[in-house]
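Residue strings, one per chain:
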Amino acid sequence: MARGLAKRIIPCLDVKYGETVKGTNFVNLRSAGDPVALGKAYSEAGADELVFLDITASCEGRKTFTGVVTRVAEEINIPFTVGGGINDIADVERLLGAGADKISVNSAALRRPALIDEIAGRFGSQVCVCAVDAKCEDGKWTCYLNGGRVRTGRDLFDWAKEAESRGAGEILFTSMNHDGVKQGYANDALARLAGMLGIPVIASGGAGLPVHFRDAFTIGKADAALAASVFHFGEILIGDLKRYLHDEGVNVRIV
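Described below are features of the structure shown in this document. Note that this is a predicted model, so its numbers are computed, not measured.

When helices and strands are tallied, the protein shows 10 helices and 12 strands. By residue count, 56% of the 255 residues in the protein fall in the buried class. Across the protein, the fraction of contacts at a sequence separation of at least 24, relative to all contacts at a separation of at least 6, is 65%. By element, 50% of the accessible surface of the protein is carried by carbon and sulfur atoms, the whole surface being about 10,300 Å². Of note, the protein has its 29 positive side-chain charges centred 2 Å away from the centre of its 32 negative side-chain charges.

Turning to the packing of helix H3 (residues 89–97) against helix H5 (residues 114–123), a few remarks are in order. Running from amino to carboxyl end, H3 crosses H5 at an angle of 45°, the nearest separation of the two axes being 10 Å. If you check the angle between H3 and H5, you find them oblique. The two elements H3 and H5 cross, and the hand of that crossing is right-handed. Residues Ile 89, Val 92, Glu 93 and Leu 96 of H3 lie in contact with H5, whose contacting residues are Glu 118, Ile 119, Arg 122 and Phe 123. Its residues placed into classes, the contact of H3 with H5 shows 5 nonpolar, no polar and 3 charged.

Turning our eyes to something else, we now look at the packing of H5 against helix H6 (residues 156–166). With their axes 8 Å apart at the nearest point, H5 and H6 run at an angle of 35° to one another. The handedness of the crossing between H5 and H6 is right-handed. For the pair H5 and H6, the contacting residues are Ala 114, Ile 116, Asp 117 and Ala 120 in the first and Trp 159, Ala 163 and Arg 166 in the second. Of the residues belonging to the contact of H5 with H6, the class tally is 5 nonpolar, no polar and 2 charged.

The next point concerns the pattern of salt bridges. Tallied over the entire structure, the rule returns 20 salt bridges. Ionic pairing is found between Arg 166 and Asp 117, a salt bridge with its closest N-O pair at 2.7 Å. Here the residue Arg 166 occupies a position in helix H6, and Asp 117 occupies one in helix H5, the gap between them amounting to 49 residues. The class of Arg 166 is partly exposed, set by a relative accessible area of 26%.

Taken as a whole, helix H2 (residues 66–73) has its buried residues at Val 68, Val 69, Val 72 and Ala 73. One side of H2 carries all its buried residues, which in axial view fall inside an arc of 135°. Where H2 is buried, its residues contact helix H1 (35–45), strand S4 (50–54), strand S5 (80–83) and H3.

In this structure the tally under the stated criterion is 5 aromatic pairs. Between the aromatic rings of Trp 141 and Phe 173, the centroid separation amounts to 5.4 Å while the plane-to-plane angle is 85°, which identifies the pairing as edge-to-face. Residue Trp 141 is located in strand S8 (residues 140–145), and its partner Phe 173 is located in strand S10 (residues 170–175); the two are separated by 32 residues in the primary sequence. On the accessibility criterion, Phe 173 (1% relative accessible area) is buried. Here the aromatic cluster, defined as three or more aromatic residues joined through ring pairs, consists of Tyr 42, Tyr 185, Phe 213 and Phe 231. Across the ring face of Phe 157, the terminal group of Arg 192 is positioned such that the distance to the ring centre comes to 3.7 Å.

Moving on, we get to the pairing of strand S1 (residues 8–16). For S1, a buried count of 8 out of 9 residues is recorded, marking the element as mostly surrounded by other parts of the structure. Taken together, the 4 bridges between S1 and strand S12 (residues 224–227) define a ladder with parallel strand orientation. Its bridge partner being in S12, Pro 11 is matched across the sheet by Ala 227.

On to the nonpolar core. Judged by nonpolar contacts, the single largest core of 71 residues is most densely connected at Phe 173, Phe 213 and Phe 231. When residues no more than four places from it in sequence are discounted, the contact partners of Phe 173 are Val 132, Ala 134, Trp 141, Leu 156, Ala 186, Ala 189, Leu 190, Leu 193, Ile 202, Ala 203 and Ser 204. Ranked by size, the runner-up nonpolar core spans 10 residues in total, among them Val 51, Val 129, Ala 131 and Leu 226.

About the thresholds
- Residues numbered from 1 in each chain as written.
- Predicted model: local features only at pLDDT ≥ 70, side-chain atom pairs only at ≥ 80, totals over all residues.
- Heavy atoms only, no water.
- Helix = DSSP H or I, 4+ residues; strand = E, 2+ residues; numbered from the N terminus.
- Buried < 20%, exposed > 50% of the residue type's maximum accessible area, 1.4 Å probe, protein only.
- Contact = heavy atoms within 4.5 Å.
- Areas by Shrake-Rupley, 256 points an atom, 1.4 Å probe, with all protein chains shown as cover.
- Lys, Arg positive; Asp, Glu negative; His and termini not counted.
- Charge placed at Lys NZ, Arg CZ, Asp CG, Glu CD.
- Axes fitted to C-alpha atoms, helices over the stretch in contact; angles between N-to-C directions.
- Parallel < 35°, antiparallel > 145°, perpendicular 65-115°, else oblique.
- Left-handed = near helix turned anticlockwise from the far one by under 90°.
- Nonpolar A, V, L, I, M, F, W, Y, C, P; charged D, E, K, R; others polar.
- Salt bridge = Lys/Arg side-chain N within 4 Å of Asp/Glu carboxyl O.
- Arc of directions from axis to C-beta.
- Phe/Tyr/Trp six-rings, centres within 6.5 Å; stacked < 30°, edge-to-face > 60°.
- Lys NZ or Arg CZ within 6 Å of the ring centre and 35° of its normal.
- Pairing = 2+ DSSP bridges.
- Core = buried A, V, L, I, M, F, W, Y, C linked by side-chain atoms within 4.5 Å.

Structure below.
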């Protein structure tokens, strides 16, 4: 019998210039469709939340496209997290006003960690998701900025702990090694994060089969699993995935 809080399934819309895209290891992007139509379909299919990431906003030094966020928010009835190019409280207010429920910060928080304190202090920890893109190199997980373009000297686990201490309500960990490869999530790193943090951990990067989601929850101890291409291209249907997970003893919300 599945117990505890229900595990969450979260489709992710990686958006570039208003279009959903998906790549492998953060490169070789291809079109995956209209984010508004996809968001609506996922909401109706039983997704627990939706994440929208404007993936080139930070590296291009611009703000997230508010208009697309508003249009997606109008079509869904599930919690909505938005990230990309968020540098200050004004950006957070703008996106919450556009319909976001939570804000995901990544590059700006690594550059100026006090941003997490400011968001949590103003809006509450539940609004602040700290996204971390990290790559395992010679056995060490290192954080990257600007959509995986700029290597930092920060250790994944040290940074996740600091983000929690500053008020982040969740950690969204994407393994750059596993992204788009569809061979499973970085379960060892996930389990280490889950064991050291008191806030939820969202797994990202590596989903290819339903068993990969199960393993992220049972081996990786993740609270939620995020995926993109397997949902966008119809390789896995959310309803089927949840029924599989339920049969495997994972507590999920089935509509």
